[in-house]
Amino acid sequence: MKKNVLKAAVMVLVTLALGSCSKEKFHITGTMSDAKDSVLYFENMSLDGPVVKDSVKLDENGNFEFSDGRAEAPEFYRLRIANQIINLSIDSTETVTVKASYPTMATNYTVEGSENCKVIKELSLKQIDLLNKAIAIQANNSLGIDATNDSILKIIDVYKDDVKRNYIFKNPMKAYAYFALFQTLGNRLIFNPREIKDDVKVFAAVATSWDTYYPEALRGKNLHNIAIEGMKNIRIVENKRNQMIDASKVNVTNVIDINLVDNKGVARKLTDLNGKVVLLDFHVFATKESTKRIMELREIYNKYHASGLEIFQVSLDPDEHFWKQQTAALPWVCVRDPQGLNSSLMVSYNIQDIPTFFLVDRTSTLYKRDVQIKDLDAEIRSLL
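No experiment lies behind these values; they were computed from the predicted model shown. (Residues numbered from 1 in each chain as written. Predicted model: local features only at pLDDT ≥ 70, side-chain atom pairs only at ≥ 80, totals over all residues. Heavy atoms only, no water.)

**Observations regarding unusual backbone geometry**
For clarity, the cut-off: Numbering of helices and strands runs from the N terminus; a helix is a DSSP stretch of H or I covering at least four residues, while a strand is a stretch of E covering at least two. Exposure is judged per residue with a 1.4 Å probe applied to protein chains only, and the accessible area is read against the type maximum: over 50% gives exposed, under 20% gives buried, and values in between give partly exposed.
Cis geometry is adopted by the peptide bond preceding Pro-103, which originates at Tyr-102 and carries an omega value of 15°. For Pro-103, the location among the structural elements is in the loop between strand 7 (95-101) and strand 8 (109-112). Looking along the chain, the bond that leaves Ile-354 and enters Pro-355 is cis, with omega of 5°. Of note in this structure, Asp-37 is not a glycine but carries a positive phi near 75°. The topology assignment puts Asp-37 in the loop between strand 1 (25-33) and strand 2 (39-46). Since its relative accessible area comes to 49%, Asp-37 is described here as partly exposed. For Ser-364, which is not a glycine, the phi torsion comes out positive at approximately 60°. Relative to the helices and strands, Ser-364 is located in the loop between strand 16 (356-360) and strand 17 (366-369). Note on Ser-364: relative accessible area 4%, which makes it buried.

Right, here's the structure in full:
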């Protein structure tokens, strides 16, 4: 009887041991030099804020090792001593090795074992550089308040354009794309999903990608909630603006004029095409549907240009060089608004979606917009 009880107890212990060993874990190891007697914290950056998972008091060698269970979707962590931070992400059972030196660990570190962590380091250093540039601008006493604000906004726009094109839109499913969305300048998000329409679309792009790769992830659902709330806020603002369009912008030809530089560096006005039927097209070339859209416009242009049709295409692409490459071979008028999706034309023309087009008759009178047109060929022929 005692043997049976002992055997059963051993089996339970073995089962527990096997269960413990089978739990998938990730590991973070490394060395923190020049940090003897400092406490190194290992924290999970949860949706509710940082949560301490473990800590260690470093000796003169500075060696450390932390581990935790694998999550179902990419998760974010940080190593911290006082206010010095190294941001990390984990999406599997990898072993990430970090080597750093205190008190410059936030910038002076290496990371191996995770491509996401390497890119997060790139983004963190870019963020620090942006902050230093903003501080330098504020410290420039030769600039007035307006010039200071304008200069800071310009460097933020350059930063956002770089991060969108080279990190977020390139790989929206990656942990570093998610990380980039929540970078801050001071105490404000660099990407503002509550007030800026283009930034809402950036959040939505990552949310959609996470839906595909991590459909049950709370972080993905949180992104959706942020994007939806931002869309609501922007619609409220736009509806108010639509009721306050400056009448001086509407000229005697009954069309809100557009005056922008084309892809050859020449200023082009919409009303300069008075006497022609104009297809006024608002477009973003950096979209999946762009090629198909351009092919459709080519067909229309080839059919009716000789009879008096012109296309006046307004690009809202953020990347000027990319736009010039895409439009180099197009035969119609191609202009670009550098304000992108924040263009005042979006409000003036009450544009809710891109692409959108309008027909303008020979007297430069706004005739119809796309949602009012069932047969585009028939409408164009009726105006020619």
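So much for the structure itself; the text now carries on.
**Quick look at the confidence of the model for the protein**
How we decide: Per-residue confidence from the predictor is given as pLDDT, running between 0 and 100. Residue contacts are defined here by distance: any two heavy atoms, one from each residue, within 4.5 Å place the two residues in contact.
When pLDDT is averaged along the protein, the result is 87, and 89% of the positions lie at 70 or above. For the stretch residues 12-22, pLDDT sits under 50, and the model shows zero contacts to residues farther than four places along the chain or on other chains. Here residues 247-253 is a poorly scored stretch, pLDDT under 50, and it has 11 contacts once near neighbours within four places are set aside; other chains count.

**Quick word on the sheet that holds strand 2**
Here is the rule we go by: Pairing between strands is defined by DSSP: at least two bridges between them are needed. Between the N-to-C directions of two axes lies an angle of 0 to 180 degrees, each axis being a line fitted to C-alpha atoms and, for a helix, fitted only over the stretch in contact.
Within the open sheet, the four strands sit side by side as 3-2-5-6. Their pairing is antiparallel. Strands with a single pairing partner mark the edges of an open sheet, and in this sheet they are strand 3 (49-57) and strand 6 (84-90). Neighbour-to-neighbour, the strand axes of the sheet open up by a mean angle of 25°, direction not taken into account. The sheet contact formed by strand 5 (residues 75-81) and strand 6 spans seven bridges and is antiparallel. Residue pairing for strand 6: Arg-78 is matched across the bridge by Asn-87. In the packing of helix 2 (residues 115-138) onto the sheet, contacts are made with strand 5 and strand 6, and the angle to strand 6 comes to roughly 140°.

**Quick notes on the nonpolar core**
Just so we agree on the cut-off: Residues grouped as a nonpolar core are buried Ala, Val, Leu, Ile, Met, Phe, Trp, Tyr and Cys residues, joined through side-chain atoms within 4.5 Å.
With 37 residues, the main nonpolar core has Leu-123, Val-163 and Ile-168 as its most contacted residues. Going through the elements one at a time, helix 2, helix 3 (145-168), helix 4 (175-181), helix 5 (197-213) and helix 6 (218-242) are the ones with two or more residues in this core. With sequence-adjacent residues up to four places away left out, Ile-168 is seen in contact with Val-163, Ala-177, Ala-180, Leu-181, Phe-191, Val-202 and Val-206. One finds Ile-28, Leu-58, Ile-86 and Val-96 within the second-largest nonpolar core, a separate group that totals 23 residues.

**Some words on the layout of surface pockets**
In plain terms, the rule: Within this scheme a cavity is a closed region of a 1 Å grid, computed over the protein atoms alone, that accommodates a 1.4 Å probe without allowing it to escape, whereas a pocket is open but has protein on both sides within 12 Å along at least five of seven lines; lining residues each have an atom within 4 Å of a point. Grid points are joined across faces, edges and corners, and a volume is the space filled by probe spheres set on the points. Classes in brief: Ala, Val, Leu, Ile, Met, Phe, Trp, Tyr, Cys and Pro nonpolar; Asp, Glu, Lys and Arg charged; the others, Gly included, polar.
Looking at the second largest pocket, its volume works out to about 820 Å³. In terms of lining, the second largest pocket is formed by 28 residues, of which the most central are Met-45, Asn-87, Gln-127, Phe-179 and Phe-182. Counting only elements with at least two residues in the lining of the second largest pocket, the list comes to strand 2, strand 3, strand 5, strand 6, helix 2, helix 4, strand 9 (184-185) and helix 6. Sorting elements by how many residues they give to the lining of the second largest pocket places helix 2 first, with five residues. In terms of residue class, the lining of the second largest pocket is built from 15 nonpolar, 11 polar and two charged.

**Re the environment of Thr-97**
What counts is decided by this rule: For the purposes of these results, a polar contact is taken to be a pair of N or O atoms within 3.5 Å, where, inside protein, one atom must be able to donate a hydrogen and its partner to accept one; residues adjacent in sequence count only when each atom of the pair is a side-chain atom.
Along the chain, the position of Thr-97 falls in strand 7. Look at Thr-97 and you get partly exposed, because its relative accessible area is 26%. Setting aside residues no more than four positions away along its own chain, Thr-97 makes contact with Thr-29, Gly-30, Thr-110, Val-111 and Glu-112. A distance of 3.5 Å separates the side chain of Thr-97 from the side chain of Thr-29, its partner in a polar contact.

**A few points about the packing of aromatic side chains**
What counts is decided by this rule: Two aromatic rings from Phe, Tyr or Trp, using only the six-membered ring of Trp, form a pair when their centres are within 6.5 Å; if the ring planes differ by under 30 degrees the pair is stacked, by over 60 it is edge-to-face, and anything between is tilted. Here, a charge over a ring is recorded when the distance from Lys NZ or Arg CZ to the ring centre is within 6 Å and its angle to the ring normal is within 35 degrees.
Inspection of the entire model under this criterion finds 14 aromatic pairs. Aromatic pair Phe-26 and Phe-42: ring centres 6.4 Å apart, planes at 70°, arrangement edge-to-face. Here Phe-42 lies in strand 2 and Phe-26 lies in strand 1, a separation of 16 residues in the sequence. Relative accessible area serves as the criterion here: at 0%, Phe-42 is assigned to the buried category. Aromatic rings pair up to connect Phe-76, Tyr-178, Phe-182, Phe-203, Trp-210, Tyr-213 and Tyr-214 into one cluster. Residue placement shows Lys-121 over the ring face of Tyr-109; its charged tip is 5.0 Å from the ring centre.

**Considering the side chain of Asp-319**
Along the chain, the position of Asp-319 falls in the loop between strand 14 (309-315) and helix 8 (320-327). Using a relative accessible area of 16% as the deciding quantity, one classes Asp-319 as buried. Here Phe-322 takes part through its backbone nitrogen, which lies 3.1 Å from a polar atom of the side chain of Asp-319. Residue contacts for Asp-319: discarding those within four places in its chain leaves Asp-161, Arg-165 and Arg-336.

**Thoughts on the sheet that holds strand 7**
The four strands are arranged 4-1-7-8 in an open sheet whose pairing can be described as mixed. Edge positions in the sheet fall to strand 4 (63-69) and strand 8, since each of these pairs with one other strand and no more. Neighbour-to-neighbour, the strand axes of this sheet turn through a mean angle of 15°, independent of strand direction. The sheet contact formed by strand 1 and strand 7 spans seven bridges and is parallel. In the strand pairing of strand 7, Ile-28 is matched with Val-96.

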